[in-house]
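Structural features, examined
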Amino acid sequence: MGELTTDDRVRLTYRDSGGDGVPLVMLHGWGQTQAMFRHQMDGLAPARRVITLDLRGHGLSEKPRHGYRIARLARDVLDLVDHLDLDRFDALGWAMGASVWWSFIDQYGTSRIRRFVAVDQPAAVAAVPWLSLEEQRDSGAIFDVAGLPELGAALAGPDGEQVRDNFVRGMFSGDPDRDLIAFVAEHVKSTPSYVGVPLLYDHCAQDWRDVLPRVDVPTLVMGCEGSHVSPASQEFIAGRIPGARLHVFPAGVANSHFPFLENPPAFNAVVDTLLSEVADAVPHTAIP
């Protein structure tokens, strides 16, 4: 484990496998920790340098009373790659972690990103009123806007732990492994409600559709048939990013929002295929 201090003096914890390979920086989702990538640290590391991070307010990182916005998390990631002197790296974001990378790209561009992997994240989480029904479907909107304050209040309320556990269970389909659900639920506990509630609200308020055409590096979009995130929304994202590829795991391979935990060999193999290619799939040029 390593530590860095952000420009606003928050201590963050990261893990770096070391080595001489191309760095792969992996970002976890809302309420989770870098431990979600426990199978990737070993499974992907032999050929590359794998770096994971506990985002602000999560895991072993400091949990201050400020900064729970996607844009601030993206700045924290900039502090991380600067701290590690990464001039060129691959980026992978799962769930909210993909949103953090989209914010990073929106603010800082792609000049340092070699390849990008987005895993199971809608382009817009909330069905805001100005989206047509077709746009809501394409974007993969999960929540009705009116339901967001209700969810936040429930998570912060006296029954917050049960609400949180139900929220996590809803990310799995069928009859998943109980130990796997318990592992995920345990790590969610590390994020207090004063962190999770405002961050979830900010996360769900974002609409990344205008950023997608400006992702001008070779990109892989990954979804899962058994996830609560519609695979059609992942197809939409792949269609908006120039030259992007799409991989959707069938339910028989992985049946949840957590394919990297549920079937690590299958997940790692798909990611490794993109990251191991010699030539870029699309030119690295700015897209207006």
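See above for the structure.
Residues numbered from 1 in each chain as written. Predicted model: local features only at pLDDT ≥ 70, side-chain atom pairs only at ≥ 80, totals over all residues. Heavy atoms only, no water.

1. As for the packing of helix α6 (residues 160-169) against helix α7 (residues 178-188)
The relative placement of two packed helices is expressed as an angle between their axes plus a distance between the axes. This is how it is decided: Here the axes come from fitting lines to C-alpha atoms, over the contacting stretch only for helices, and the angles between their N-to-C directions go from 0 to 180 degrees. To qualify as a helix, a DSSP run of H or I must reach at least 4 residues; to qualify as a strand, a run of E must reach at least 2; elements of each kind are numbered from the N terminus. Under this scheme an angle from 65 to 115 degrees is roughly perpendicular, one under 35 degrees roughly parallel, and one over 145 degrees roughly antiparallel; angles in between are oblique. Two helices crossing with the near one rotated counterclockwise from the far one by less than a right angle form a left-handed crossing, whereas a clockwise rotation gives a right-handed crossing. Here, two residues are considered to be in contact whenever any of their heavy atoms come within 4.5 Å of each other.
Where α6 meets α7, the closest approach of the two axes is 10 Å, and the angle between their N-to-C directions is 135 degrees. If you check the angle between α6 and α7, you find them oblique. When the axes of α6 and α7 are compared, the crossing they make is right-handed. Two secondary-structure elements touch here, α6 through R164, D165, V168 and R169 and α7 through I181, V184, A185 and V188.

2. So, the sheet that holds strand β2 (residues 11-16)
This is how it is decided: Two strands pair if DSSP finds at least two bridges between them.
Ordered in space as β1-β2-β4-β3-β5-β6-β9-β10, the eight strands form an open sheet in which the pairing is mixed. Pairing within the sheet leaves two strands with one partner each, and these edge strands are β1 (2-5) and β10 (245-249). Taken pair by pair, the neighbouring strands of this sheet meet at an average axis angle of 20 degrees, ignoring direction. As judged from the five bridges shared by strand β5 (residues 89-94) and strand β6 (residues 113-119), these two strands associate in the parallel manner. Note that in β6 the partner of L92 across the bridge is V117. Helix α3 (residues 96-108) rests against β3 (23-27), β5 and β6 of the sheet, and its axis sits at about 135 degrees to β5. Of the strands in this sheet, β9 (219-224) and β10 are in contact with helix α9 (residues 231-240), which crosses β9 at around 170 degrees.

3. Regarding unusual backbone geometry
What counts, and what does not: Buried, partly exposed and exposed residues are distinguished by accessible area as a fraction of the type maximum, computed with a 1.4 Å probe on protein chains only: under 20%, between the cut-offs, and over 50%, respectively.
The residue A95 is not glycine, and still its phi comes out positive at about 55 degrees. Relative to the assigned elements, A95 resides in the loop between β5 and α3. According to the relative accessible area criterion, A95 is buried, its value standing at 7%. Of note in this structure, D120 is not a glycine but carries a positive phi near 55 degrees. Checked against the element boundaries, D120 lands in the loop between β6 and β7 (126-127). D120 gets classed as buried once you look at its relative accessible area, which sits at 1%.

4. Here's the deal with the environment of R75
Along the chain, the position of R75 falls in helix α2 (residues 70-83). Looking at R75, the relative accessible area reads 28%, which means it is partly exposed. Measuring from C-alpha to C-alpha, the distance between R75 and F143 comes to 26 Å, with 68 residues separating the pair along the chain. R75 has contacts with D7 and Y108, leaving out every residue within four places of it along the chain.

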